[in-house]
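Residue-level listing of the chains:
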Amino acid sequence: MEASRPTGSEKVVSKTAPAMRLDGVGVAYRFEKGSYPAVERADLTVADGEFLSIVGPTGCGKSTLLNLAAGLIAPSEGRIEVLGQPLQGLNPSAGYLFQADALFPWKTALENVAIGLEVAGISPAEAHARARAWLARVGLSAFAGRYPHMLSGGQKKRVALAQVLIRDPKILLMDEPFGPLDAQTRQIMGNLLLDLWNADRKAVLFVTHDLEEAIALSDRVVVMSAGPNACIIGDWRISLPRPRDTADVRLEPAFHEIHREIWAKLKEEVSKTYTQAEEETA
Amino acid sequence: MRRAQLLALQFLVAAVALTIWHVLTTHQFFGRYLLEPFFFSTPADVAARVVRWFREGTIWRHLVVTLSEVLLAFTIGSLAGVLVGFWFARKPFVAAVFDPYVKMINSLPRIVLAPIFTVWLGFGIWSKVALGVTLVFFIVFFNVYQGVKEVSPAVLANARMLGMNERQLLRHVYWPSALSWMFSSLHTSVGFAVVGAVVGEYLGAAAGLGYLIQQAEGIFDVAGVFAGIFVLGVFVIVIDAVVTLVERRLLAWRPVAAEARD
Ligand SMILES: Nc1ncnc2c1ncn2[C@@H]1O[C@H](COP(=O)(O)OP(=O)(O)OP(=O)(O)O)[C@@H](O)[C@H]1O
Ligand SMILES: [Mg+2]
């Protein structure tokens, strides 16, 4: 799993460069009473057009990893490459769907979707026209004039998805985007996501705590170890045929087989998290 | 609760209070007035006085003076509060330097400044405006400061990931957030503008509702005092209604508590 460290500073963007590459990346959070080494020596490569899911026990550092990929936090060690270029500052090729609610509460659904184009210098009229088209694509045409507080959890997530995708990012970072939704809505959202993804095959880094969801959606699933010093400890290719229906695919025998394999690994890590917690309280 | 019913009950409260006042000041019990009319006046006298003010038109001058003081104090205080609030929130070092002085001035009873303003700015409207500004400024300042500081980190990170530069962040994130905090304190800050104006007038002026009340008090004209208070009360309610209207338009995006069933 140890990736060879690149030597020199190759600045050429080759067509075959992976969408993202994390190479021996580590992060330690510093606070008043010390520091917490959340992630250490994490290696991860996401190929162009690949849908990759990250699963791991709660608090292991999945959001941390996405924040690194987004350039919102800087790694304390290791290097990050985006499309073959070292990442400095924010990642301009990435769109980020946050775990928490991140819509602008003072903008309507339409304005929320259009804003990414407007700040890029596109005329408001055109931005709004394209935002309308995106709202239609996520099935929210009738809700264009609503403010976020007047939308349901699932509707908000769909607005957020349109808000990110309208900018056509090369890389899509998604942090438990369907986390708070009920099972049926999750499957509907999963199919919607796969449809949109199928249209232009962006590279996707998808974080979820739901292993079934991860397998149903992805080309690859990686497992993170329990923190501290979390890293990637398992990597599975999911060769279920596409296009998939996220509900139907769960009935296939191949699905169960891979699920059993990954779950065996994941279970170890999850139970580690809990024994650690018990030791700390003891 | 239905609107008509509510209005009827509100009217009833006023009617009962006025009746009690009327009965106790115009009828003798056990050989004396329970409320001496000299000290408490009577509703009829007060009403007559208010009517006379409006019929003769003498009240308008005072209303216009007080209103302009309130508007000026509110506008100047808010502008200054927004600017300084923004500045401090974006430059924590500046905020830290000024922190003790802000705390000191804010905890000062502003009324002690009134004589200084009168000395500096004279008996005209500007000394009252200045007093109002010192009150409004801090309300707006603290709210704008909070509004800029308390932008949700997720919203902020989202804005940056959507490609906003510093200027666009200011316009699309910090500004709306600060304004929403400021508007949520609109009632308080307008109320303080009124307090500044009226108290200033009361302490020394040539016109205004506070002046009117102070003049009446000076000659033991209790009906005049009550009439002044009444006009001031209506004035405040009208201003408050206007503020509510403005607030509804500006804060349409904010959740209102769902209408509870009764
Ligand atoms: N700002 C911070 N300061 C200190 N520790 C932090 C900070 N942010 C996160 N951590 C710690 O880092 C670890 C990883 O956090 P992270 O948010 O990446 O977890 P996660 O895998 O996304 O969890 P979840 O599945 O619950 O969202 C956690 O143990 C957390 O307590
Ligand atoms: Mg997380």
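Calculation notes
Residues numbered from 1 in each chain as written. Chains lettered and ligands numbered in written order. Predicted model: local features only at pLDDT ≥ 70, side-chain atom pairs only at ≥ 80, totals over all residues. Heavy atoms only, no water. Donors = N, O, S within 2.8 Å, 3.2 Å for Na, K, Ca; no water. Helix = DSSP H or I, 4+ residues; strand = E, 2+ residues; numbered from the N terminus. Buried < 20%, exposed > 50% of the residue type's maximum accessible area, 1.4 Å probe, protein only. Contact = heavy atoms within 4.5 Å. Buried area = accessible area lost by both parts, 1.4 Å probe. Salt bridge = Lys/Arg side-chain N within 4 Å of Asp/Glu carboxyl O.

Caption draft 1: Expanded view of the coordination of the magnesium ion (ligand 2). Residue and element names in this part refer to chain A. Taken together, Ser63 (OG) and Gln99 (OE1) make up the full set of protein donors to the magnesium ion (ligand 2), lying 1.9 to 2.4 Å away. Separated by 36 residues along the polypeptide, Ser63 in helix H1 (residues 62-70) and Gln99 in the loop between strand S6 (94-97) and helix H2 (109-118) bring together distant segments of the chain. A residue is classified by how much of its surface remains accessible, and Ser63, at 25% relative accessible area, is partly exposed.

Caption draft 2: Representation of the interface of chain B and chain A. Tallying the contact residues gives 20 residues for chain B and 22 residues for chain A. At the boundary of chain B with chain A, total buried surface from both sides reaches about 2,000 Å², with 71% on carbon and sulfur atoms. Three residues stand out in chain B for area buried against chain A, namely B:Met161, B:Leu162 and B:Trp253, and they jointly supply 40% of the buried area on that side. Put simply, chain B and chain A have 0 salt bridges between them.

Caption draft 3: Representation of the pattern of salt bridges in the model. All names here are of chain A. Within this structure, the stated rule accounts for 17 salt bridges over all chains. Note that Lys156 and Asp101 form a salt bridge whose closest N and O atoms lie 3.5 Å from each other. Of the two residues, Lys156 sits in helix H4 (residues 153-165) while Asp101 sits in the loop between S6 and H2, which places them 55 residues apart along the sequence. The class of Lys156 is buried, set by a relative accessible area of 19%. Given the relative accessible area of 47%, Asp101 is considered partly exposed. Among the ionic pairs, Asp235 bridges to Arg220, the shortest N-O distance being 2.8 Å. Here Asp235, found in strand S10 (residues 232-237), pairs with Arg220, found in strand S9 (residues 220-224); they are 15 residues apart in sequence, far enough to count as distant. For Asp235, a relative accessible area of 38% corresponds to the partly exposed category. Taking the relative accessible area as the measure of exposure, Arg220 reaches 9% and is therefore buried. Through salt bridges that share partners, Glu50, Arg220, Asp235 and Arg237 make up one connected network.

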